[in-house]
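Coordinates in review
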Amino acid sequence: MTVQELPGAAAAYRPTPPPAWQPRTDPAPLLPDPEPYRVLGTEAAAKADPELLLRLYAELVRGRRYNAQATALTKQGRLAVYPSTTGQEACEVAAAMALEEQDWLFPSYRDTLAAVARGLDPVQALTLLRGDWHTGYDPHEHRIAPLCTPLATQLPHAVGLAHAARLKGDDVVALAMVGDGGTSEGDFHEALNFAAVWKAPVVFLVQNNGFAISVPLAKQTAAPSLAHKAVGYGMPGRLVDGNDVAAVHEVLGASMARARSGGGPTLIEAVTYRIEAHTNADDATRYRGDSEVETWREHDPIRLLERELTQRGLLDEDTRQAAADAAETMAAALRERMNADPVLDPMDLFGHVYAEQTTQLREQAALLRAELEAEGEAR
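Below: a short report on this structure. (Residues numbered from 1 in each chain as written. Predicted model: local features only at pLDDT ≥ 70, side-chain atom pairs only at ≥ 80, totals over all residues. Heavy atoms only, no water.)

Side chains of nonpolar character tend, in soluble globular proteins, to be buried together. In terms of nonpolar packing, the biggest core is built from 62 residues, with Y66, L126, L252 and L305 touching the most fellow members. Beyond its immediate stretch of four places on either side in the chain, L252 contacts A94, A95, A98, L175, V203, L205 and I268. Core analysis: the next-biggest nonpolar cluster, separate from the first, contains 27 residues, V159, V172, A195 and L267 among them. (Core = buried A, V, L, I, M, F, W, Y, C linked by side-chain atoms within 4.5 Å. Buried < 20%, exposed > 50% of the residue type's maximum accessible area, 1.4 Å probe, protein only. Contact = heavy atoms within 4.5 Å.)

On to helix α3 (residues 89-98). Counting buried positions over the 10 residues of α3 gives 10, a clear majority of the element. Those residues of α3 not exposed but buried are E89, A90, C91, E92, V93, A94, A95, A96, M97 and A98. (Helix = DSSP H or I, 4+ residues; strand = E, 2+ residues; numbered from the N terminus.)

With the rule as written, the count across this model stands at 6 aromatic pairs. Residues F211 and Y287 carry aromatic rings whose centres are separated by 5.3 Å and whose planes lie at 50 degrees to one another, so their mutual orientation is tilted. Here the residue F211 occupies a position in strand β4 (residues 211-212), and Y287 occupies one in the loop between β7 (266-271) and α10 (290-297), the gap between them amounting to 76 residues. For the pair shown, F211 and Y287 are each scored as buried. Here the aromatic rings of Y273 and W296 are separated by 5.2 Å at their centres, their planes lie at 5 degrees, and the arrangement is stacked. Residue Y273 is found in the loop between β7 and α10, and its partner W296 is found in helix α10; the two are separated by 23 residues along the sequence. Given a relative accessible area of 3%, Y273 falls into the buried group. (Phe/Tyr/Trp six-rings, centres within 6.5 Å; stacked < 30°, edge-to-face > 60°.)

What follows is the structure in C-alpha cells.
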C-alpha cells in the first residue's frame with residue numbers, strides 16, 4: 001500500500017515539506033571566500049602590526065631551522081621518525097601565537113613545531129618520536145594535548161574539553177590542528193557536528209598540504225574546498241593562504257575571538273604545501289614531480305614575509321642575522337641534548353596509565369621488577 005492509498009492520505013499528502021519547515025541556519029554567511037584570504041602583498045598588509053610581523057618572522061626562521069635539525073637527527077639515528085613541516089611553518093607558528101595562555105592546543109603528530117612555538121621544550125616535543133617516555137611532557141602543565149598519531153582522534157577530545165570549559169564558565173578556547181588526510185576520518189565529522197550543536201569554543205585548523213601521504217586531495221573529496229564542509233555542520237568556513245603567516249594569524253585570531261565570545265566553532269582551511277616527504281620513511285618522488293615542489297618554493301612563507309618586511313623598511317641585515325643566530329643557538333642545543341642517550345627506567349611502563357593501578361598492572365609490574373632484580377644480581 002502506497003502513501004496515496006492510505007485512508008485520508010489524499011488530503012494530507014504534500015509533495016514538499018510543510019510550510020513550517022525552515023532552514024535551521026542561513027548558509028550564506030557560513031560560506032568561505034572563493035579565494036584564499038591573503039594579507040602579505042595586498043593593501044591589508046599596511047594595517048598589520050610591525051612588531052607582530054617581526055615576531056612572526058623570528059619564529060618562522062627558528063621553525064625552519066628546527067625542521068632541518070630534526071630531519072638531520074633521523075639520519076643520525078637519534079629520532080625514529082620525523083614528519084617535517086618545512087613549507088608549513090606559517091600555519092604552525094600562527095597557531096601557537098594566536099593562543100592565549102589559558103587556551104589549549106590539540107596537535108597532530110606533524111605539529112611538533114606548533115608545540116615548540118607554544119613554548120614547549122624542543123627535546124620534550126621530540127621525545128615521543130624517539131620512542132621514549134610516554135608523550136614526553138605534561139599536557140596539563142603546557143596546555144598542549146599529546147601529539148596525536150592516529151588521524152583526527154584529537155578532534156573530539158578538543159571538542160569535549162572546550163564544551164566542558166564552557167559549562168564551567170572558564171575562558172578557554174581549544175585549537176585543534178589536523179591535516180587534509182584527517183578530514184576523511186569519521187572523527188573529523190563527529191567532532192564538527194558535536195562542536196556546532198553545542199556551540200563549543202573550538203577552532204579547527206586544517207593544514208591542506210596537498211597530500212595524505214601519497215593520496216592527493218582530489219582523490220579524497222569532491223567538495224569545492226575543505227572549508228566548504230563547515231556549512232554542512234552549521235559553522236563558518238574560512239579559506240586562507242596557509243603560507244601567508246599574517247593572514248593565518250589574523251583569521252585564527254578572529255575565529256578564536258568569536259569562539260571565546262560564545263559564537264561557536266569555525267573550520268579554517270589553510271592552503272599550504274608539504275615541501276619535504278611525508279616522513280623520513282617516505283619517497284615523495286613516487287607520487288609528485290620536482291617541478292611541482294619548486295613552484296611551491298616560490299611561495300615560501302619566509303620569503304613572502306621577508307619581501308613584505310623589506311618593502312616596509314622593517315627588516316635589515318642585523319635583524320635578519322639576529323633571527324638566524326637565535327635559530328642556530330636553538331638547533332645547537334637541541335642537537336647536543338638529543339645526542340645524549342636517555343636514561344630509561346622500564347618501570348615507567350606502568351606509570352601515567354591509571355590514577356590507581358589495576359590488579360593486572362600491579363601483577364605485571366611485580367613480575368618485571370623481579371626479572372630486573374634477578375638480572376642485576378646475575379651481573
